[in-house]
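Residue strings, one per chain:
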Amino acid sequence: MFHRSRSPEPTVVLVHGAFADSTSWNDVARELRREGHPVVAVANPLRGLSGDAAYVREVLAGIEGPVVLVGHSYGGSVITAAAVGADNVRALVYVAAFIPDKGESALDLAARFPGGSLGEALRPTPVTLPDGSPGMEFTIDQAKFPHQFAADVPEGGQLMAVTQRPVTGAALEEPAPEPGWRTLPSWAVVATEDLNIPVAAQSHMAKRAGAEVTELEASHAASVSHPQEIARVVRAAASSVKR
């Protein structure tokens, strides 16, 4: 079944990253819908980059008309891969996100630059991967989550700590395929107070992708703490799209 829209605006597809869920986009979605944008917030499986991207690509195939594809955190890796072969994607928006090149993983990129402290906050749990092999998945220690992930979220992001979604180590380690940003216009929000993805890494990736960059004094949870600013960047990307 296709997602059909009579709106003259492109559909905005929001993809969350690790340690979050689609409700992390709620206030951004509210802002965009108020402006007349159709919005779809995808439940990212967080099991492996190729599989996660394939799932998002299937969601995109069910949307009629042009799409602005938005990714947060590891969701940036997912939209980078999912956009390739998705003919209705017209623009990419990265929010405190990974913007990998071919062969790079989220783990590689996070470790390449100083300034992150995510590793010290992670809790591993053994898990069976989709192919039946043993693996590990990770959450952020709930006591450490507010400072690590959502320092500027009201009440410290404590509810986000409870509802966080785990990500597999395999997803963070899987090398990226050919990136969609090579052929699509891109926008990037660099969160300058981010402790998950170092700001130097975000800036490097955004510049390399030729993205139009907005710096925002925000934690990793920028979509929750600064929804109006994030929605403004998404609207700028959408305004470049013609139906």
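Structure's up top.
The structure contained in this document is the topic of the report that follows. Values in this document were obtained by computation on a predicted structure and should not be read as measured data.

## Observations concerning the nonpolar core
Phase 1: In terms of nonpolar packing, the biggest core is built from 55 residues, with Val13, Phe19, Leu69, Val89, Leu92 and Phe149 touching the most fellow members.
Phase 2: Tallying contributions element by element places helix H3 (residues 74-82) first for this core, with five residues.
Phase 3: Those residues in contact with leucine 92 that lie beyond four places of it in its chain are Leu69, Ile79, Ala83, Gly180, Trp181, Leu184, Pro185, Ser186 and Trp187.
Phase 4: Within the second largest apolar cluster, 26 residues are counted, among which are Val93, Ala191, Ala222 and Ile230.

## With respect to the environment of serine 73
Phase 1: If you trace the backbone, serine 73 turns up in strand S3 (residues 67-73).
Phase 2: As a C-alpha pair, serine 73 and threonine 128 span 55 residues in sequence and 24 Å in three-dimensional space.

## Digging into the sheet that holds strand S5 (residues 122-128)
Phase 1: Strands sit in the order S5-S6-S7 across an open sheet of three strands; the sheet is antiparallel. Because the sheet does not close on itself, it has two edges, and the strands there are S5 and strand S7 (167-168).
Phase 2: Pairing of S5 with strand S6 (residues 134-140), which is carried by seven bridges, proceeds in the antiparallel orientation. When the sheet's bridge partners are listed, valine 127 is paired in S6 with glycine 135.

## What about helix H1 (residues 26-34)?
Phase 1: Every buried residue of H1 is listed here: Val28, Ala29, Glu31 and Leu32. For H1, the buried positions fall inside an angular range of 160° around the axis, keeping them on one side. Residues of H1 that are exposed and point more than 90 degrees away from the buried face comprise Arg33 and Arg34.
Phase 2: Against the buried residues of H1 lie strand S1 (11-15), strand S2 (39-42), helix H9 (222-225) and helix H10 (227-239).
Phase 3: Just downstream of H1, glycine 36 is the residue with a positive phi angle, here 95°.

## Thoughts on the packing of helix H2 (residues 49-61) against H3
Phase 1: Between H2 and H3, whose axes approach to 8 Å, the crossing angle comes to 65°. Handedness of the crossing formed by H2 with H3: right-handed. Between H2, through Leu49, Asp52, Ala53, Val56, Arg57 and Leu60, and H3, the contact on the second element is made entirely by Tyr74, Ser77, Val78, Ala81 and Ala82.
Phase 2: When grouped by side-chain class, the residues that make up the contact of H2 with H3 number eight nonpolar, one polar and two charged.

## Observations concerning the side chain of glutamate 104
Phase 1: Following the sequence through the fold, glutamate 104 ends up in the loop between strand S4 (89-97) and helix H4 (106-112).
Phase 2: A residue is classified by how much of its surface remains accessible, and glutamate 104, at 11% relative accessible area, is buried.
Phase 3: Setting aside residues no more than four positions away along its own chain, glutamate 104 makes contact with Leu109, Arg112, Glu174, Pro175, Ala176 and Arg208.

## Overview of H2
One turn of an α-helix holds 3.6 residues; hence residues three or four places apart share an orientation.
Phase 1: For H2, spanning 13 residues, the distance from its first C-alpha to its last is 18 Å, which sits close to the expected 18 Å at 1.5 Å a residue.
Phase 2: Regarding H2, the residues found buried are Leu49, Asp52, Ala53, Val56 and Leu60. One side of H2 holds all its buried residues, which, seen down the axis, span an arc of 95°. More than 90 degrees from the buried face of H2, the exposed residues found are Glu58 and Ala61.
Phase 3: Next to the buried residues of H2 lie S1, S2, S3, H3, S4 and helix H7 (169-173).

Rules and cut-offs
- Residues numbered from 1 in each chain as written.
- Predicted model: local features only at pLDDT ≥ 70, side-chain atom pairs only at ≥ 80, totals over all residues.
- Heavy atoms only, no water.
- Core = buried A, V, L, I, M, F, W, Y, C linked by side-chain atoms within 4.5 Å.
- Buried < 20%, exposed > 50% of the residue type's maximum accessible area, 1.4 Å probe, protein only.
- Helix = DSSP H or I, 4+ residues; strand = E, 2+ residues; numbered from the N terminus.
- Contact = heavy atoms within 4.5 Å.
- Pairing = 2+ DSSP bridges.
- Arc of directions from axis to C-beta.
- Axes fitted to C-alpha atoms, helices over the stretch in contact; angles between N-to-C directions.
- Left-handed = near helix turned anticlockwise from the far one by under 90°.
- Nonpolar A, V, L, I, M, F, W, Y, C, P; charged D, E, K, R; others polar.
- Expected span 1.5 Å × (residues − 1).

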